[in-house]
Amino acid sequence: MPATQRWNEASTIDSNRAMWWGVGFSFAFTLLIWLVRPWMPQIDFLPDQGVQWYYWKLPDPDFWSRASGWGGYLLHQVTIWALIYHAQKSKPGYTKKLHGFNVLALGATAFFCVLHLGQTWVWYDGLGQDLGTATSQGAVILMLVLILLMENQRRGLFFGKKIKFLNRPGAIIRHYHGYIFSWAVIYTFWYHPMEATFGHLVGFLYTFLLLVQSSLFFTRAHVNKYWMFVQEAAVLIHGSLVAYEQQVRGGFDKPFWLMFFWGFAALIVVTQMYGLGLSPKVRWSIIALFVAGVVFSYADRPIDANEIIRIPVIEYGLVFILALFIYLGIWINKGVKRLRGAGA
């Protein structure tokens, strides 16, 4: 049997079981990063130099520190893109079992986790040596915004209301989302060295879970609504904990972590929970808990509405901006085709 045919065939491994094994691996590897921290490089970092300055990088990078980070990223990226391309070309359909390419993707994910840990141990630097922090943060934000756009046809955008204007851009994103999301996750994965700070550990755990999800394409586990909800909503925990760590470390009086917690919680209340098939009673209970939580959190100081709505306004605004750009691309493509037809 040709190798490419074996890659397409469903294996005997249940995709939901593989998903849970992936979750276990994610927690175990995060623990491993913490356990090996005494043997990792102890760097005398340069002073913080502003908003776009990435602190955890070598003060004196050389060819090999850069080549190891960029080389690992490119090899990882091309490997997963090649598997996605092969899967889409073969059109295998969604199954309860893993396909051969899923097994390869999960194996590649585990391999590159080990490789990145070793690369950090020997050369330390990630892509953050050469690029500002906005690129890593922007990659994750782009992924979250595209999920809102893509999922509009299934769960709606505002309280279950589907926006017809977003249907065509959403369909286009759905076709190409594997390439875009894998880029966002893998780029973020290689941006950071495998440091054992609290923020890095929380971030890598979330990234590992996203890598598992991106390896389960064309399986039922990949489109499990509860698993998808966890993947999307987990940014609330990640963003809030990282912000809280920065607040404590920086000695700030204002609890700006609340902006991330309630901002991402608002996305759950307005959009994400409507993909779970919850009853109206449960949805209203969640809304009531959200309102009560906001009131309790701001009981000792005036409610800064900007903190609560900033993240939702940015993400929903970007949904419509990206949709307009996609429509512009469609219009340009049609114009080019008409010009070619007229010149034929």
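Located above this text is the structure these notes cover.
We now turn to the structure provided with this report. (Residues numbered from 1 in each chain as written. Predicted model: local features only at pLDDT ≥ 70, side-chain atom pairs only at ≥ 80, totals over all residues. Heavy atoms only, no water.)

This part takes up helix α2 (residues 15-35). Between its first and last C-alpha atoms α2 spans 30 Å; for 21 residues at 1.5 Å apiece the expected length is 30 Å, and the two agree. Of all the residues in α2, the buried ones are S15, A18, M19, G22, V23, S26, F29, T30 and I33. The buried residues of α2 occupy an angular sector of 150 degrees when the element is viewed end-on, so they sit on one face. Those residues of α2 that are exposed and aimed more than 90 degrees away from the buried face are R17, W20 and W21. (Helix = DSSP H or I, 4+ residues; strand = E, 2+ residues; numbered from the N terminus. Expected span 1.5 Å × (residues − 1). Buried < 20%, exposed > 50% of the residue type's maximum accessible area, 1.4 Å probe, protein only. Arc of directions from axis to C-beta.)

The next thing to look at is the nonpolar core. I33 and F208 are the most contacted members of the largest nonpolar core, which has 79 residues in total. Looking at this core element by element, the count peaks at ten residues for helix α7 (residues 167-191). With residues up to four places along the chain from it excluded, the contact list for F208 reads S26, F29, T30, I33, C113, F189 and M194. Membership of the second largest hydrophobic core comes to nine residues, among which are M19, V23, L98 and L209. (Core = buried A, V, L, I, M, F, W, Y, C linked by side-chain atoms within 4.5 Å. Contact = heavy atoms within 4.5 Å.)

A few words on the packing of aromatic side chains. If you walk through the whole model with that rule in mind, you get 28 aromatic pairs. Plain terms: the ring middles of F189 and F204 are 6.0 Å apart, the flat faces sit at 85 degrees to each other, and that makes the pair edge-to-face. Placement of the pair is F189 in helix α7 and F204 in helix α8 (residues 198-214), with a sequence separation of 15 residues. By the burial criterion, F189 is buried, and F204 matches it. Joined through ring pairs, the aromatic side chains of F45, Y54, Y55, W56, W70, Y73, Y124, W183, Y187 and Y191 make up one cluster. (Phe/Tyr/Trp six-rings, centres within 6.5 Å; stacked < 30°, edge-to-face > 60°.)

A separate point is the pattern of salt bridges. Tallied over the entire structure, the rule returns three salt bridges. Note that E151 is salt-bridged to R154, the shortest N-O span being 2.6 Å. (Salt bridge = Lys/Arg side-chain N within 4 Å of Asp/Glu carboxyl O.)

Right, let's talk about unusual backbone geometry for a bit. For Y124, which is not glycine, the phi torsion reads 75 degrees and is therefore positive. The exposure class assigned to Y124 is buried, which follows from its relative accessible area of 3%. Positive phi, normally seen in glycine, also occurs at F159, with a value near 50 degrees. Here F159 lies in the loop between α6 (152-155) and α7. Residue F159 is classed as partly exposed on the basis of its relative accessible area of 48%.

Let us now look at the environment of L258. Structurally, the position occupied by L258 is in helix α11 (residues 257-270). Look at L258 and you get buried, because its relative accessible area is 5%. Placed 40 residues apart in sequence, L258 and Y298 show a C-alpha to C-alpha distance of 9.3 Å. Once residues lying within four places of it in the same chain are set aside, the contact partners of L258 are G263, S297, Y298, R301 and E307.

Relative orientation and spacing of two packed helices are given, respectively, by the angle between their axes and the distance between those axes. Running from N to C, helix α3 (residues 63-90) and helix α4 (residues 100-122) point in directions that differ by 175 degrees, and their axes come no closer than 11 Å. Our classification of the angle between α3 and α4 gives roughly antiparallel. Together, S65, S68, G69, G72, L75, H76, T79, I80, L83, H86, A87 and S90 of α3 and F101, L104, A105, A108, F112 and Q119 of α4 make up the contact between the two elements. (Axes fitted to C-alpha atoms, helices over the stretch in contact; angles between N-to-C directions. Parallel < 35°, antiparallel > 145°, perpendicular 65-115°, else oblique.)

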